[in-house]
Each structure stands twice: as C-alpha cells, then as structure tokens.
Amino acid sequence: MRLEILPVPGIGHVTEGDDLAVLIGSAAPWLRDGDVLVVTSKIISKAEGRLVDVPADGPDRQAVRDEVLAAETVRVVASRGATRIVQTRHGFVMAAAGIDASNVDKTRLVLLPEDPDASARALRAGLRDRYDVDVAVVVSDTMGRPWRNGLTDVALGVAGMDAIRDHRGEVDPYGNELVLTQMAVIDELAAAGELIKGKCDQMPVAVIRGYLTAPLSGDGEGARVLVRDASMDLFSLGTAEATAAGLATAATLPDHPGDAASDPAAVDRAIASIADVIAPGTVFTQVTDDGVRTALVAIVPGWPAHATGLVLCSPPTPVGPFQLVRFGTDVQRLRTALAAEGVPTQLLPPPGGTTAAATLAF
C-alpha cells in the first residue's frame, strides 16, 4: 500500500450556514473516487452554528464556559483543579467536552458537532451530488490519551468506510490466529491527516489517497462503534473519583457483628491475602474484648504510641480527606476478604472520642 496525504488549501474562514461541500469541492477539484477526506470538526461546528457567545475575558467568561461545559456533560470522569475530563452525550470521554476557544473569535466558543456521523454523511452526499465524486469522510478532533503525554487527532464521525478493521480470525505469518485485534483505522487516518493540517496553518481539510480502493456503497455504521460500552469500561472513573465512590459504598454497607469470636485462622488468612497490598509494612494484631468481639489493630513502624489503635493505613489525628478516602477503600477491601472467609465485620467508633479512624471489629 502506498499512501499520499494531500493538503486542501484555500478554504478560508467558515461561518454559520456555509456549504462545506462547495467550499471543499471548489478548493480540491482534483478529488478522486476512493479518497478519504479528513475534516476538522471545528469547521463543521462553525458551519452548523455550534457556537456560544462569551465575554472576551474576565471572570464572567469562565462562568459562562462552566455553564456550557455542564450542559455538554453527561458524566464527570475526573477533575483536577480546573481540568475536567467528562463524557459527552456522544459517548466521547475528553477534556472539557471538546469545547474549544482556538481558531475562533475571542468572544465565541466552539462546541462539537451535534452528530458527527450525520455531519460526515451530509458532507459526503453533498460532494457526490455536486461534483460526482465518491469519497469517504472522517470528522476529526484533537484529544489527549490516558497515561500518555501529548495530543493526537481522532475520529468523531465517519461516512463511506468502516471505523474498525477487524483482524479477528485471521492467521499471522507464524500461524497464530488473531483473536483480539481490531484496528481503529479511522483514528489512524485522522492522526495521519493532522500531520499536514496543523493547528495554526488554517488547513482544516486533508485528503488521504491510496488507503481505499473504493468507499462503501452505503455510509456504514459511523464512528459510534468506537465508543466502548460502559459494561466493558475498566477505567470509567479517575482514581480519586473511584476512591470516593468506594468510600461511599463502604459507608452504606450493613454491619452485622458476630455474637462470638471469629476463628483466628480465618481472620489471619483474610489479612494475609491483602495486607501487603493495602498496608505494606503494617503489623495487624487481633485484640479480644471480653472474649466476645475481636478488633483489628494496625501498628505501623514510626507511628507515635497513641496511634497504634488505628486500623489499616489511616494516620494519627488529625485525619484529612485523602487519608479518610484511603481508609474507607482499604477497609472495604479488608471487609471483602473477611467476608470471603465467612467473618462478619463491624466498624466501631474511634476510642476516646477522637477524630481518628474507627476500628474494624469482627
């Protein structure tokens, strides 16, 4: 396969109501059947009127932006300071719901297209009807990636080609059957197009030639197939958000302490299964109260003597919110391990009315 990535210069400033098929077709009369048109979502949003007026600067600008972000958000995934990673109603997880203030007047913000797949289909149909050329269209936007620095363009919408190249069932040159490999080819094409579009070159459209021999006869399923179903999402929340959710869940669990002391061997097995993970270096000691209830005391090297009554990793007083969050999720993990051994548990209030974390009893 030999690919060419071709710029489409001369499109100029796009305003609401502009016909993108005419703008692009006039700027690229050399388009051929089978070309893949990679179009920056921003010019689609501008043509479709997906713009919001905001003050040019000052606190009112940020207030309006926060309101717009809330309206475009269906779920907050993570937040750190002023940064918000959210899920949009399209299903995309991205910073600030894709709201952009670049390459637009200072008094306006650009939102994502209402339906990027529909936008791609409309542009493809317009080019076919006006210029008798059959191309595939990829609508692209810039995103960050989890656990990686830097940005890259990805596909928000597509028409005329499949979003995924499915290699499952194929056999590699070594005779191994591929069972998981599904390539997000429209993301790869979007990133390739960005190599020549750039952010400051006013080049919002690129053409990739050589990837397709011919587009699909129809428009295809669109880019929505790239959105991972919630049931398959192993990282649906940021770390702090998942920790807080675990704490909230742990706080609502019913407590049913046993009437008799639990089997010490069962408790030891539960502690051993997770102690090195939740509290490496901590010594857990069972303390029996009147032979009926057993409490778990954590002793951490370096803690002051009055702190030895605390459970798990919770530090001595005062206890801050981050410690409480960690304490809550660690307790939940220990309670789960104890439950697996058939040991019912209860959270007891802190001794002496202090603000230290409560003791886990069983």
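Going by what an unreviewed UniProt entry lists, the protein chain is known as Coenzyme F420:L-glutamate ligase-like domain-containing protein and is assigned to Micromonospora andamanensis.

Next up on the list: the sheet that holds strand S5 (residues 83-88). Pairing between the strands of a sheet comes from backbone hydrogen bonds, and it takes one of two forms, parallel or antiparallel. Spatially, the 3 strands line up as an open sheet ordered S4-S5-S6, and their pairing is antiparallel. Sheet topology places strand S4 (73-80) and strand S6 (93-95) at the edges, where each strand pairs with a single neighbour. Across the sheet, the mean angle separating the axes of adjacent strands is 30° when strand polarity is ignored. Looking at chain direction, S4 and S5 are connected through 6 bridges and run antiparallel. Residue pairing across strands places alanine 78 opposite isoleucine 85, the latter belonging to S5.

Looking now at the packing of helix H1 (residues 20-27) against helix H4 (residues 116-131). Running from amino to carboxyl end, H1 crosses H4 at an angle of 60°, the nearest separation of the two axes being 9 Å. It follows from the interaxial angle that H1 and H4 lie oblique. Considering the relative orientation of H1 and H4, their crossing is right-handed. Along its contact with H1, which presents Leu20, Ala21, Val22, Ile24, Gly25 and Ser26, the element H4 presents Leu123, Gly126, Leu127, Arg130 and Tyr131. Across the contact of H1 with H4, the residue classes tally to 7 nonpolar, 3 polar and 1 charged.

Let's shift gears to the sheet that holds strand S12 (residues 205-209). One open sheet holds the 5 strands; their spatial order is S1-S12-S2-S8-S9, and the pairing between them is mixed. This sheet does not close on itself; its edge strands, each paired only once, are strand S1 (4-7) and strand S9 (148-159). Strand-to-strand twist of the sheet, defined as the mean angle between neighbouring strand axes without regard to direction, takes the value 30°. The pairing of S1 with S12 spans 4 bridges and is antiparallel. By the bridge assignment for S12, glutamate 4 is matched with arginine 209. The strands touched by H4 are strand S2 (36-40), strand S8 (136-145) and S9; relative to S9, the strand with the most contacts, the crossing angle is about 55°.

Counted as a void, the second largest pocket has a volume near 220 Å³. Contributing to the lining of the second largest pocket are Gln62, Arg65, Asp66, Leu69, Gly81, Ala82, Thr83, Arg84, Ala95, Ala96 and Ile99. Mapped onto the lining of the second largest pocket, the elements with two or more residues apiece are helix H3 (59-72) and S5. For the lining of the second largest pocket, the element with the most residues is H3, which contributes 4 residues.

Right, let's talk about the nonpolar core for a bit. Core analysis: the biggest nonpolar cluster contains 25 residues, and Leu37, Val39, Leu123, Leu127 and Val205 have the highest contact counts within it. Among the secondary structure elements, those contributing two or more residues to this core are H1, S2, helix H2 (41-47), H4, S8 and S12. Beyond its immediate chain neighbours, meaning those up to four positions away, valine 39 contacts Ile24, Ile44, Leu123, Val137, Val138, Val139, Ser140, Lys197, Pro204 and Val205. Residues Ala155, Met161, Val185 and Leu212 belong to the second largest nonpolar core, which totals 16 residues.

Take helix H5 (residues 185-197) next. For H5, which comprises 13 residues, the first-to-last C-alpha distance of 18 Å matches the rise-based estimate of 18 Å (1.5 Å per residue) to within 8%. Within the sequence span of H5, burial applies to Val185, Ile186, Leu189, Ala190, Ala192, Gly193, Glu194 and Lys197. Phi turns positive one or two residues past the end of H5, at glycine 198, with a value near 70°.

Definitions and cut-offs
Residues numbered from 1 in each chain as written. Predicted model: local features only at pLDDT ≥ 70, side-chain atom pairs only at ≥ 80, totals over all residues. Heavy atoms only, no water. Pairing = 2+ DSSP bridges. Helix = DSSP H or I, 4+ residues; strand = E, 2+ residues; numbered from the N terminus. Axes fitted to C-alpha atoms, helices over the stretch in contact; angles between N-to-C directions. Parallel < 35°, antiparallel > 145°, perpendicular 65-115°, else oblique. Left-handed = near helix turned anticlockwise from the far one by under 90°. Contact = heavy atoms within 4.5 Å. Nonpolar A, V, L, I, M, F, W, Y, C, P; charged D, E, K, R; others polar. 1 Å grid on protein atoms, 1.4 Å probe; cavity = no way out; pocket = protein on both sides within 12 Å on 5 of 7 lines; lining within 4 Å. Points joined across faces, edges and corners; volume = space filled by probe spheres on them. Core = buried A, V, L, I, M, F, W, Y, C linked by side-chain atoms within 4.5 Å. Buried < 20%, exposed > 50% of the residue type's maximum accessible area, 1.4 Å probe, protein only. Expected span 1.5 Å × (residues − 1).

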